[in-house]
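# Secondary and tertiary structure notes
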Amino acid sequence: MTIKAPSSASYLVSTLEEFMATANSFIQNYYKTGSDAQDIQRMIIAITNLRLDINIEALEAEFQITLTKRI
């Protein structure tokens, strides 16, 4: 049994799941009580962190390798 590093795609999925949970919480709170400046700031930080966490270059490289293997 070999241990493999998580793929970029699986890391992307887990990062998106975390972001979606934060976004869902924000949306639920917005419809229940409205949003204040602090709520909006937290959401902006979550969006910024999402952008920083996703390694676009690694995803593109992995996609190209997978595509090449299929051909």
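Preceding block: the structure.
This section reports on the structure supplied with the text.

The rules behind the values
- Residues numbered from 1 in each chain as written.
- Predicted model: local features only at pLDDT ≥ 70, side-chain atom pairs only at ≥ 80, totals over all residues.
- Heavy atoms only, no water.
- Helix = DSSP H or I, 4+ residues; strand = E, 2+ residues; numbered from the N terminus.
- Rg over C-alpha atoms; globule rule 2.2 N^0.38 Å.
- Buried < 20%, exposed > 50% of the residue type's maximum accessible area, 1.4 Å probe, protein only.
- Expected span 1.5 Å × (residues − 1).
- Contact = heavy atoms within 4.5 Å.
- Patch = residues over 30% accessible without salt bridge, like charges linked within 9 Å, V, L, I, M, F, W, Y side chains within 5 Å.
- Areas by Shrake-Rupley, 256 points an atom, 1.4 Å probe, with all protein chains shown as cover.
- Salt bridge = Lys/Arg side-chain N within 4 Å of Asp/Glu carboxyl O.
- Phe/Tyr/Trp six-rings, centres within 6.5 Å; stacked < 30°, edge-to-face > 60°.

Here we come to the overall build of the chain. When you go through the chain residue by residue, the secondary structure sums to 3 helices and 0 strands. Going residue by residue from the N terminus, the α and β elements of the chain occur as α-α-α. In summary, the chain has a C-alpha radius of gyration of 17 Å against a globular reference of 11 Å for 71 residues, an excess of more than 25%. Each principal axis of the C-alpha distribution contributes one length, and for the chain these read about 50 × 25 × 20 Å. Within the span of the chain, comprising 71 residues, buried residues form 13% of the whole.

Its 26 residues give helix α1 (residues 8-33) an end-to-end C-alpha distance of 37 Å, which sits within 8% of 38 Å, the value for a rise of 1.5 Å per residue. Of the positions making up α1, those classed as buried are Ser8, Thr15, Phe19 and Ala23. Taken together, the buried residues of α1 touch α2 (37-53) and α3 (56-70).

A cluster of nonpolar residues, Ile27, Tyr30 and Tyr31, forms a patch on the protein surface that exposes about 370 Å² of accessible area. Residue classification places isoleucine 27 among the partly exposed residues on the basis of a relative accessible area of 40%.

What follows is about the packing of aromatic side chains. Under the counting rule described, the total for this entry stands at 1 aromatic pair. Between tyrosine 30 and tyrosine 31, the aromatic rings sit 5.3 Å apart at their centres with planes inclined by 75°, giving edge-to-face as the arrangement. In this structure tyrosine 31 comes out as exposed when scored by relative accessible area, which is 66%.

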